[in-house]
Amino acid sequence: MPAYPRTIHFIGLNTPVGVEWSARNLDVIGDIPAEIDGAFFRAVPDPAHAPMFDDDIVLSGDGMVAKFAIQDGKVDYAIRFVETERYALEKDARRALFGRYRNPFTDDPAVAGRDRTVANTTPVWHGGRLFMTKEDGLGYEVDPDTLATIGRWDYHGAFTSQTFTAHPRVDPDTGEMFFFGYEADGLCSTRIAYAIADRDGNLVSEQWFDQPYCSTIHDFAITQNYAIFPIFPTTADLDRLKAGGEHWAHQQHLDSWVGIMPRYGKVEEMRWFKGRPGISAFHLLNAFEEDGRIHLDLCLLDTNAFGFMREAGGIQRDQRDIHGGLTRWTFDMEKPGDGYEERVVGPPGDMPRLRDADQGRPYRAAWYLSMNMAGGPPLLGGPVGVAFNALLRIEPGNGRIDMMGLEPGMAISEPVHVPSQRPDHEGWLLMVVDRQVGEADFKSALWIVDAGAIDAGPIAQVPMPLPMRAQVHGAWVSAAQLATAKSRRPA
Ligand code: V55
Ligand code: FE
């Protein structure tokens with residue numbers, strides 16, 4: 001059997017696990033509030049087979065869908081592979097058949113033209129269905145009870161894009177989901193499909209437009225009236241792909257752009273704003289309107305966060321030498337021109353989380369991951385190779401920042417937010433925290449933290465009996481939402 005490469009993508013916290021397992025009534029240290037009633041779904045990349053190429057990366061790992069089911073203070077856990085077409089083909093062959101990250105020209109000819117997405121980025125709940133998504137393909141519907149894969153999701157054929165973002169946005173009042181796919185009609189295409197699904201999960205609109213160049217549009221934002229598409233200069237090139245090279249190369253000297261259109265409008269109404277060259281953000285925290293202006297808060301860096309995308313663009317820079325911060329861009333929609341204002345509102349970090357009810361609206365507080373300077377050298381692992389070791393709560397309006405800093409040898413995955421019914425309570429954050437206990441040994445635990453008092457540390461912890469791999473994104477789905485699951489209803 002071929003061995004996994006001994007690179008950062010396959011050792012330490014990134015050691016492949018690949019075990020589908022479940023456990024009931026995990027030990028709980030402390031008390032989990034009864035209001036926490038529902039499921040924390042996680043997207044976990046985990047390569048089921050040793051890769052065809054030794055320079056393979058975490059982002060290629062087969063998607064696993066994990067679920068912490070929490071009720072009455074009790075916790076059950078389960079994790080299963082998403083049975084994508086790719087996973088099924090490789091499972092039958094008992095080896096990898098798909099080659100390098102998002103490069104089909106490196107695949108075994110036996111799988112030419114087959115679906116190569118790995119559904120490893122974000123669990124998305126909408127219209128009574130759970131999807132596992134990755135931006136290079138369509139989402140896969142998964143049964144929220146059994147975690148069994150139901151199949152690829154294209155809105156009964158109505159959604160014509162070949163791809164679906166891992167970062168759709170749901171309006172808390174209308175329940176509509178706003179989303180897009182880029183490279184929507186094929187590799188390295190500038191075509192983008194922008195779509196809306198109603199609260200029941202029916203596709204109600206799809207329009208296509210072009211971005212200025214083929215960039216990786218990982219996330220976008222909505223306000224109550226607008227849809228906002230950021231374009232950062234990490235570009236794709238078909239000749240490079242055909243030569244077996246990287247899909248993405250960051251271009252430090254190419255301009256960035258922001259496209260803003262009325263969210264219910266026509267793509268022809270898109271207004272393009274020009275930004276600084278070379279900058280990059282993977283995640284946008286939120287956007288909202290105020291007096292004819294739009295504010296967009298994003299986790300901005302002065303270059304691309306992924307080493308392999310920088311290196312493909314000829315940029316040699318250490319991971320710790322990348323600068324940025326939580327940044328607010330302000331667009332005056334009542335003035336002509338392609339400029340906008342920029343100011344830093346918080347320390348560098350990523351994996352921002354917001355209360356669902358604050359989506360697209362003015363908001364008081366949000367949370368994201370960062371580095372604790374007192375936490376020792378960060379653990380190596382996770383998608384970019386260096387794990388976060390601090391959780392921040394920020395009030396961007398007044399600059400207040402609280403921190404839950406971890407001890408040396410610890411790493412934190414992106415939290416989910418669980419709302420409280422009490423108006424004076426900010427709810428809770430649920431997250432997996434890893435601790436190094438030996439050279440290649442790690443212990444993981446689910447932490448429950450009071451969202452309004454993060455510096456107090458966890459109010460409850462659930463130690464996990466088996467190793468866990470780093471998550472990308474998660475989703476909290478309440479028991480009330482789960483009760484509407486379409487997979488449970490007779491057709
Ligand atoms: C990201 C994650 C991906 C990917 C591209 O967080 C970008 C950013 C887990 O897969 O393929
Ligand atoms: Fe993401």
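Residues numbered from 1 in each chain as written. Chains lettered and ligands numbered in written order. Predicted model: local features only at pLDDT ≥ 70, side-chain atom pairs only at ≥ 80, totals over all residues. Heavy atoms only, no water.

In the nomenclature of an unreviewed UniProt entry, the protein is known as Dioxygenase of Sphingobium rhizovicinum. What UniProt states about the protein under its Sequence similarities (unreviewed entry) heading is, verbatim, "Belongs to the carotenoid oxygenase family." (UniProt positions renumbered as here; feature names shortened; annotations may be inferred.)

On to the overall build of the protein. The helix and strand inventory of the protein stands at 4 helices and 33 strands. In terms of C-alpha radius of gyration, the protein reaches 21 Å, essentially the compact-globule figure of 23 Å for 491 residues. When the backbone C-alpha atoms are referred to their principal axes, the protein occupies close to 60 × 60 × 55 Å. Sorting the 491 residues of the protein into buried and exposed places 59% on the buried side. Partitioning the intrachain contacts of the protein with sequence separation of at least 6 by distance along the chain shows that 60% fall at a separation of at least 24. As displayed, the protein offers around 19,500 Å² of accessible surface, 50% of which is attributable to carbon and sulfur atoms. Averaging the positions of the 47 positive and the 68 negative side-chain charges in the protein gives two centres separated by 1 Å. (Helix = DSSP H or I, 4+ residues; strand = E, 2+ residues; numbered from the N terminus. Rg over C-alpha atoms; globule rule 2.2 N^0.38 Å. Buried < 20%, exposed > 50% of the residue type's maximum accessible area, 1.4 Å probe, protein only. Contact = heavy atoms within 4.5 Å. Areas by Shrake-Rupley, 256 points an atom, 1.4 Å probe, with all protein chains shown as cover. Lys, Arg positive; Asp, Glu negative; His and termini not counted. Charge placed at Lys NZ, Arg CZ, Asp CG, Glu CD.)

This paragraph deals with the sheet that holds strand S9 (residues 149-152). Read across the open sheet, the 4 strands follow the order S6-S7-S8-S9; overall the sheet is antiparallel. Only two strands of the sheet have a single neighbouring strand rather than two, namely strand S6 (122-126) and S9. Going from strand to strand, the sheet's axes swing by 30 degrees on average, the running direction of each strand aside. In terms of strand pairing, S6 meets strand S7 (residues 129-133) through 5 bridges, oriented antiparallel. The partner of Thr122 across the bridge, within S7, is Thr133. (Pairing = 2+ DSSP bridges. Axes fitted to C-alpha atoms, helices over the stretch in contact; angles between N-to-C directions.)

In the vicinity of ligand 1, the contacting residues are Leu59, Tyr101, Asn120, Thr121, Lys134, Glu135, His218, Phe282, His283, Phe306 and Val472. A distance of 2.6 Å separates an oxygen atom of ligand 1 from a polar side-chain atom of Tyr101. Computed on the free molecule, ligand 1 has an accessible area of 300 Å², of which 97% lies beneath the protein chains in the complex. (Near = heavy atom within 4 Å. Polar contact = N/O pair within 3.5 Å; in protein donor to acceptor, adjacent residues only side chain to side chain.)

Strand pairing in a sheet takes place through backbone hydrogen bonds and is either antiparallel or parallel in direction. A sheet is described by the order of its strands in space; here 4 strands give the open sequence S20-S21-S22-S23, paired in antiparallel fashion. The two strands at the open ends of the sheet, each matched to only one other strand, are strand S20 (280-290) and strand S23 (341-346). Each neighbouring strand pair of the sheet contributes to a mean axis angle of 25 degrees, computed without reference to strand direction. Relative to strand S21 (residues 293-301), S20 runs antiparallel, the two sharing 8 bridges. What sits directly across from Glu290, in S21, is Arg293.

Right, let's talk about the packing of aromatic side chains for a bit. Under the counting rule described, the total for this entry stands at 27 aromatic pairs. Ring geometry for Tyr155 against Phe179: centres 5.6 Å apart, planes inclined by 15 degrees, an arrangement best described as stacked. Highlighted residues: Tyr155 in the loop between S9 and strand S10 (169-170) and Phe179 in strand S11 (residues 177-182), separated in sequence by 24 residues. Side by side, Tyr155 and Phe179 carry an identical accessibility label, which is buried. Measuring from ring centre to ring centre gives 6.2 Å for Phe232 and Trp329, while their planes differ by 50 degrees; the resulting arrangement is tilted. Of this pair, Phe232 sits in the loop between strand S15 (226-231) and strand S16 (234-236) while Trp329 sits in strand S22 (residues 324-332); the two residues are 97 residues apart in sequence, bridging distant segments of the chain. Put simply, the rings of Phe131, Trp153, Tyr155, Phe159, Phe164 and Phe179 pair up and form one aromatic cluster. (Phe/Tyr/Trp six-rings, centres within 6.5 Å; stacked < 30°, edge-to-face > 60°.)

For the iron ion (ligand 2), the protein coordination sphere consists of His167 (NE2), His218 (NE2), His283 (NE2) and His473 (NE2), at 2.0 to 2.1 Å. For the iron ion (ligand 2), the 4 donor atoms are set out with angles of 94 to 160 degrees between them, so the coordination reads as irregular. Between the donor residues of the iron ion (ligand 2), the gaps in sequence give the motif H-x50-H-x64-H-x189-H. Here His283, found in strand S20, pairs with His473, found in the loop between strand S32 (458-463) and strand S33 (474-478); they are 190 residues apart in sequence, far enough to count as distant. By relative accessible area, which is 7% here, His283 ends up buried. (Donors = N, O, S within 2.8 Å, 3.2 Å for Na, K, Ca; no water. Tetrahedral: all angles 85-135°; square planar, octahedral: opposite > 155°, others 65-115°.)

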